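# Topology and contacts: notes
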Amino acid sequence: MELGDQGVLAGTPGMRRVIKDRMGHIVEDVDEQVVPHNGDDVELSIDSKIQYIAYTNLKSRRGEFKAKAGAAIVIERKTGEVLALVNYPTYNRTTDRA
């Protein structure tokens with residue numbers, strides 16, 4: 001999500017050119033400054049409770065099918081919103097010890 005929306009999330013940096021004295025204090029603005037702009041928020045449809053349930057079920061059922069890995073997606077059928085998206089094993093394998 002972050003990579004796909006990087007342009008929206010990142011914002012733009014500001015810039016200004018100044019003259020400083022020998023002590024490093026700003027004495028004068030030389031150029032017109034470019035005002036920085038914060039990035040926008042992206043709101044996800046993931047439901048943390050459903051995400052947890054999907055993950056714990058996926059993790060516990062993998063032995064039943066002798067699977068090395070698995071994935072589950074829970075989608076709200078009316079809106080198409082993704083409510084949970086889980087993979088096992090996860091990226092952080094230190095928390096997945098079974």
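A brief report on the enclosed structure follows. (Residues numbered from 1 in each chain as written. Predicted model: local features only at pLDDT ≥ 70, side-chain atom pairs only at ≥ 80, totals over all residues. Heavy atoms only, no water.)

## Overview of the packing of aromatic side chains
Working definition: an aromatic ring pair is given by the centre-to-centre distance plus the angle between the planes. Inclusion rule: Only the six-membered ring of Trp is used, alongside the rings of Phe and Tyr, when aromatic pairs are assigned; centres must lie within 6.5 Å, and planes under 30 degrees apart are stacked while those over 60 apart are edge-to-face, with the rest tilted. Secondary structure counts use DSSP, requiring at least four H or I residues in a row for a helix and at least two E residues in a row for a strand, with both numbered from the N terminus. The buried label goes to any residue with under 20% of its type's maximum accessible area, the exposed label to any with over 50%, and the partly exposed label to all in between, with areas taken from a 1.4 Å probe on protein chains only.
Evaluation of the coordinates by the stated rule reveals one aromatic pair. Ring plane angle 50 degrees and centroid distance 6.1 Å describe the contact between Tyr55 and Tyr88, whose orientation is recorded as tilted. Of this pair, Tyr55 sits in helix H2 (residues 48–61) while Tyr88 sits in strand E4 (residues 82–88), and the two are 33 residues apart along the sequence. We classify Tyr55 as buried; its relative accessible area is 17%.

## Quick word on the pattern of salt bridges
Working definition: two side chains of opposite charge can pair if their charged atoms are close together. What counts here: Whenever a carboxyl oxygen of Asp or Glu lies within 4 Å of a side-chain nitrogen of Lys or Arg, that contact is scored as a salt bridge.
Overall, the coordinates contain three salt bridges when judged by the stated rule. Residue Glu64 pairs with Arg61 through a salt bridge whose shortest N-O separation is 2.9 Å.

## Observations regarding the pairing of strand E2 (residues 26–29)
Our working rule: Any two strands with at least two DSSP-identified bridges between them are counted as paired.
Examined bridge by bridge, strand E1 (residues 18–20) and E2 share three bridges and lie antiparallel to one another. What sits directly across from Lys20, in E2, is Ile26.

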